Amino acid sequence: MTITEERGRAYGYADLPGLMSLMTGDEKHGPAATSTLDVLWVLYDRVLRVSPRRVDDPERDRFLLSKGHGPMAYYAVLAAKGFLPVAWLTGFGSYDSPLGHHPDRTLVPGVEIGSGSLGHGLPIAVGTALGLRAQGREAPGVWTLIGDAELDEGSNHEAIAFAGPAGLERLHTVVVDNSSASHALPGGIAARFEAAGWSAVTVDGRDHEALYAAFTAPHPGRPHVVVARVEPKSA
Amino acid sequence: MDTMRDRFAPVVSRLLDEDPRVAVVLAEIGKDGFAEAVRRHPDRVVNVGIREQLLVGAAAGLALTGMRPVVHTFASFLVERPFEQVKLDLGHQDAGAVLVSAAASYDWPAGGYTHMAPGDVALLDTLDGWTVHVPGHPDEAETLLRHAVAAGDDKVYVRLSVQANAGGRPVDGESFLPVRQGRSGVVVAVGPLLDAVLDATEGMDLTVLYATTVRPFDGAALRRATGTAGTDVVLVEPYLAGTSAGAVNEALSDVPHRVLGLGVGRRELRRYGRVEEHAAAHGLDARSLRERIGNFLGQGR
C-alpha cells in the first residue's frame, strides 16, 4: 500500500513498531504514543493530501498534532512517509536531534505546529481553517489530533463552541479516546461536539477500514469529529 | 479629542480594504466599530465570542496560513488571561500577530482592578522578539498601528489608552524623540506621560526623551543623550514601575549610571474614582513627578 521509499526501502504499517523502537528515553509516554498509531497511519497513508515535496504548498492539507506527548508514533509515520530520515529516529530527545519528546514545527519537516502543552492544537486549527477560507482556498482540509484527557482543557471547548456555529466545514478533529480523563465528559465525547453543531462519528481506533470511513464521511456545512476509541491507558 | 481607541477600528478597517492579508480577530469587545468592515470582509473580521484563549490561538492559525492577524481586546484579557497562548501559539510557533489592547493600566478606574493591566509590558518582556508601541496621542496611535500591521510577520503589541498628551508628535515606530536638552540628567517619558513629565521638569536642566516604541528599546538614543546630560536616568512609564530598568542598564552597561524607575505601583490600590486620581496615587501627576525626579537628581550631585 505504501509508496514512499527511502534509499530503495519502502515502509508500511508493519514497519512502524520497528521504527518506534528506534526511539528510546520517553517510555513514560509509551501508551500515549501507541494509542495514536493507527489513526496517524490511516491519515497519512490514505487521507491527508500531503507529501515531503509539498510541505510548503498552500493547497496542502494541514495536520496539527495537538497531543504532542509521546510523539514516537508520529515521528515513525513521518519517517515511513519520507518527511524525515529514518536515521533521525535514533537521536530522539538528544541535544543534537530535531526530534524532541514534544515536536517543534521549526525543526521537523512536515510538522505544522509545535505541541506538548495541551489544548493548543484545536484553537490553532480553527484559525488555520479561517485563514484558508479567507483566502478562498476551499480544497485543503485542516486536521487536528487531541486526546480524551486533553479535551478537558477549556481552550478546546472555546474552539468547539465556536467552530460549529462558524460552519468550519474543512475542520476535522480526531479525539483518540484511551479513557485517560479523570472526569470523563458526561454523555460522552461525541455528544459534546454534536451539541455545538459538529458532525460526529465514534469508531474503533484500531480498525483501519472503520477509521477511513469515519475520516472520509461527508459533513456538509459542519466541522467533523472522529472519536477513535482504543484500549484504556491503564489496561 | 477622540481617543486612541476611537481610531483603532477606522484605521484597521482601511487596512482591511488595502491589504488582503489583514484579518481582525475580536472577542466581543470592540466589535461595533467593525460593523461596516465585517459586511465588506466577512471572512476577515472574526468575532470568536468571549473566548480569549481561542482569540490568540485562532490568530496564530491565521498567521500560519499567511495572514496578518490584528487581535484586540482589553489588555488584561489580551496579554494576561491567554498568556500561554501568546507565548506558545505565537512565539513558539514562530507566528506573528498585532495585539492591540485597550484600557491600559487604569483607564477605567471605576471598573476596578479586574480591568487593569499595568503588568502587560513586563509580561511581554519575558518573551523574545516583541515590538511594543505605546502611543501618547491618537495621531501617534494611528501611525503606530500602521507600522505594526506593515511589520511583516513580526510580533507587535500596541498599547492604546484614554490617557493622552495634548498634541501628537512625529513618531517613526523605532526611535526615541529628543524633546528637551539639558545637562543634569535624562528623563525617558513614555507615551501618554510626556505632558506630565514636561510640566514636572519645567525649568530643570534635563534632557527629555520621548519614547513611543519601547521594545526594542532605543538604547542608542539614550547613550547619545547621556553624552551631554550625564548618566542619571529617570524612566517615567505608564505601566509597572521599573519595567524598562533592565533595558536602561543594558544600554549603559559599560558606564557607571543610576536609574530611577517611575510608573504604576505594584501594590493593588483598591480604589475606584477617576484616572487623574489614580495617576496622583501612583505619583505620576506633574507635582509628584517633579518632587521625585528632583530628589533623585539632587542626591546625585
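Residues numbered from 1 in each chain as written. Chains lettered and ligands numbered in written order. Predicted model: local features only at pLDDT ≥ 70, side-chain atom pairs only at ≥ 80, totals over all residues. Heavy atoms only, no water.

K.L.:
Explain the overall build of chain B here, please?
P.N.:
Of the regular secondary structure elements, chain B holds 12 helices and 12 strands. Reported as C-alpha extents along the three principal axes, the dimensions of chain B are approximately 60 × 40 × 30 Å. Across the 301 residues of chain B, 57% fall into the buried class. Counting only contacts in chain B whose residues sit at least 6 apart along the sequence, the fraction spanning at least 24 positions is 74%. Carbon together with sulfur atoms contributes 49% to the accessible area of chain B, which is approximately 11,800 Å² in total. Here chain B carries 31 positive and 39 negative side-chain charges, and the mean point of each set is 4 Å from the other. (Helix = DSSP H or I, 4+ residues; strand = E, 2+ residues; numbered from the N terminus. Buried < 20%, exposed > 50% of the residue type's maximum accessible area, 1.4 Å probe, protein only. Contact = heavy atoms within 4.5 Å. Areas by Shrake-Rupley, 256 points an atom, 1.4 Å probe, with all protein chains shown as cover. Lys, Arg positive; Asp, Glu negative; His and termini not counted. Charge placed at Lys NZ, Arg CZ, Asp CG, Glu CD.)

K.L.:
Would you explain the overall build of chain A in this entry?
P.N.:
Looking only at helices and strands, chain A features eight helices and seven strands. For 235 residues, the compact-globule estimate of 2.2 N^0.38 gives 18 Å, and chain A sits close to it at 17 Å. On the principal axes, the C-alpha backbone points of chain A span a range of 45 × 45 × 35 Å. Evaluated residue by residue, chain A yields a buried proportion of 55% over its 235 residues. Of the contacts formed within chain A by residues at least 6 apart in sequence, a portion of 77% connects residues at least 24 apart. Chain A carries 20 positive and 27 negative side-chain charges, and their two centres are separated by 4 Å. (Rg over C-alpha atoms; globule rule 2.2 N^0.38 Å.)

K.L.:
Just checking my understanding: could you explain the confidence of the model for chain B for this structure?
P.N.:
Do not read the fine detail of predicted coordinates wherever pLDDT is low. With 99% of its residues at a pLDDT of 70 or more, chain B has an overall mean of 97. In the predicted assembly, ipTM is 0.96 and pTM is 0.96. (pLDDT = per-residue confidence, 0-100.)

K.L.:
Where do I start with the interface of chain B and chain A in this structure?
P.N.:
A common measure of how large an interface is: the accessible area buried when the components associate. Contacts between the two partners involve 24 residues from chain B, matched on the other side by 26 residues from chain A. Of the roughly 2,000 Å² buried at the junction of chain B and chain A (both faces included), carbon and sulfur atoms supply 60%. Of all residues in chain B, the largest losses of buried area upon contact with chain A belong to L54, T65 and Q93 of chain B, amounting jointly to 26% of the total for that side. Applying the counting rule to chain B against chain A returns one salt bridge. Between R133 of chain A and D43 of chain B there is a salt bridge, with its nearest N and O atoms 3.7 Å apart. Our count for the chain B to chain A interface comes out at nine residue pairs in polar contact (both at pLDDT 80 or more). Sorting the residues of the side of chain B that touches chain A by element identifies β2 (45-47), α3 (52-64) and α5 (83-92) of chain B as the ones contributing at least two each. Top element by residues in the side of chain B that touches chain A is α3 of chain B. It accounts for nine residues. Taken together, the residues of the side of chain B that touches chain A sort by class into nine nonpolar, eight polar and seven charged. (Buried area = accessible area lost by both parts, 1.4 Å probe. Salt bridge = Lys/Arg side-chain N within 4 Å of Asp/Glu carboxyl O. Polar contact = N/O pair within 3.5 Å; in protein donor to acceptor, adjacent residues only side chain to side chain. Nonpolar A, V, L, I, M, F, W, Y, C, P; charged D, E, K, R; others polar.)

K.L.:
Would you take a moment to explain the domain arrangement of chain B for this structure?
P.N.:
All names here are of chain B. Per the domain assignment, the segments of chain B are domain 1 (4-159) and domain 2 (177-299). For domain 1 and domain 2, the distance between their C-alpha centres works out to 27 Å. Contacts between the two partners involve 25 residues from domain 1 and, on the opposite side, 25 residues from domain 2. A combined buried area of about 1,800 Å² lies between domain 1 and domain 2, and 64% of that area is made up of carbon and sulfur atoms. Counting the surface domain 1 buries against domain 2, the share from its top three residues, Y106, P109 and V134, is 32%. In this assembly, domain 1 and domain 2 are joined by one salt bridge. Linking domain 1 to domain 2 there are nine residue pairs in polar contact (both at pLDDT 80 or more). Taken together, the elements giving at least two residues each to the side of domain 1 that touches domain 2 come down to α6 (120-124), β5 (130-133) and α7 (138-150). (Domains from an automatic or database assignment.)

K.L.:
I would appreciate a short explanation of the side chain of S76 of chain B in the present structure.
P.N.:
By secondary structure assignment, the location of S76 of chain B is in helix α4 (residues 75-80). Aside from chain neighbours lying at most four places away, what touches S76 of chain B is R81, T114, H115, M116 and A117 of chain B.

K.L.:
Help me understand helix α1 (residues 4-18) of chain B, please; the structure alone is not making it clear to me.
P.N.:
Residues three or four positions apart in an α-helix share a direction because the helix packs 3.6 residues into each turn. Taking 1.5 Å per residue, 15 residues should reach 21 Å; α1 of chain B reaches 21 Å between its end C-alpha atoms and fits that length. Along α1 of chain B, the residues classified as buried are M4, R7, F8, A9, V11, V12, S13, L15 and L16 of chain B. (Expected span 1.5 Å × (residues − 1).)

K.L.:
Is there a simple way to explain the pattern of salt bridges in this structure?
P.N.:
Should their charged atoms come close, side chains of opposite charge can pair. Residue and element names in this part refer to chain B. Enumeration according to the criterion identifies 30 salt bridges over all chains in this entry. As a salt-bridge pair, D139 and R7 come within 2.9 Å of each other at their nearest N and O atoms. Remark: R7 occurs in helix α1 and D139 occurs in helix α7; sequence separation between them is 132 residues. We classify D139 as partly exposed; its relative accessible area is 39%. Since its relative accessible area comes to 15%, R7 is described here as buried. Between E142 and R14 there is a salt bridge, with the nearest N and O atoms lying 3.2 Å from each other. You can see E142 sitting in helix α7 and its partner R14 sitting in helix α1, a full 128 residues away along the chain. Shared partners join several salt bridges into a network, and the residues in it are D2, R7, R14, D139 and E142.

K.L.:
Can you help me understand the UniProt feature "domain: Transketolase N-terminal" (unreviewed entry) in chain A in this one?
P.N.:
This chain's UniProt record puts "domain: Transketolase N-terminal" (unreviewed entry) on residues 29-217 of chain A. Here residues 29-217 of chain A runs as 34% helix and 12% strand, with 31 Å between its end C-alpha atoms. (UniProt positions renumbered as here; feature names shortened; annotations may be inferred.)

K.L.:
I'm lost on the packing of α3 of chain B against α5 of chain B in this one. Help?
P.N.:
Relative orientation and spacing of two packed helices are given, respectively, by the angle between their axes and the distance between those axes. All names here are of chain B. Following both chains from N to C, one finds α3 and α5 inclined at 10°, their axes separated by 9 Å at the closest point. Considering their axes alone, α3 and α5 lie roughly parallel with respect to each other. On the side of α3, the interface is formed by Q53, V56, G57 and A60, while α5 contributes Q85, V86, D89 and L90. In terms of residue class, the contact of α3 with α5 is built from four nonpolar, three polar and one charged. (Axes fitted to C-alpha atoms, helices over the stretch in contact; angles between N-to-C directions. Parallel < 35°, antiparallel > 145°, perpendicular 65-115°, else oblique.)

K.L.:
When you look at the sheet that holds strand β8 (residues 186-190) of chain B in this model, what are you seeing that I'm missing?
P.N.:
As a general point, the strands of a sheet are linked pairwise by backbone hydrogen bonds and lie either parallel or antiparallel. All names here are of chain B. Spatially, β7-β9-β8-β11-β12 is the arrangement adopted by the five strands of the open sheet, whose pairing is mixed. In this open sheet, the two edge strands, each paired with only one partner strand, are β7 (177-180) and β12 (258-264). In this sheet, adjacent strand axes meet at a mean angle of 25° when their direction is disregarded. Pairing of β8 with strand β9 (residues 207-211) involves five bridges; the strand directions are parallel. Note that in β9 the partner of V188 across the bridge is L209. (Pairing = 2+ DSSP bridges.)

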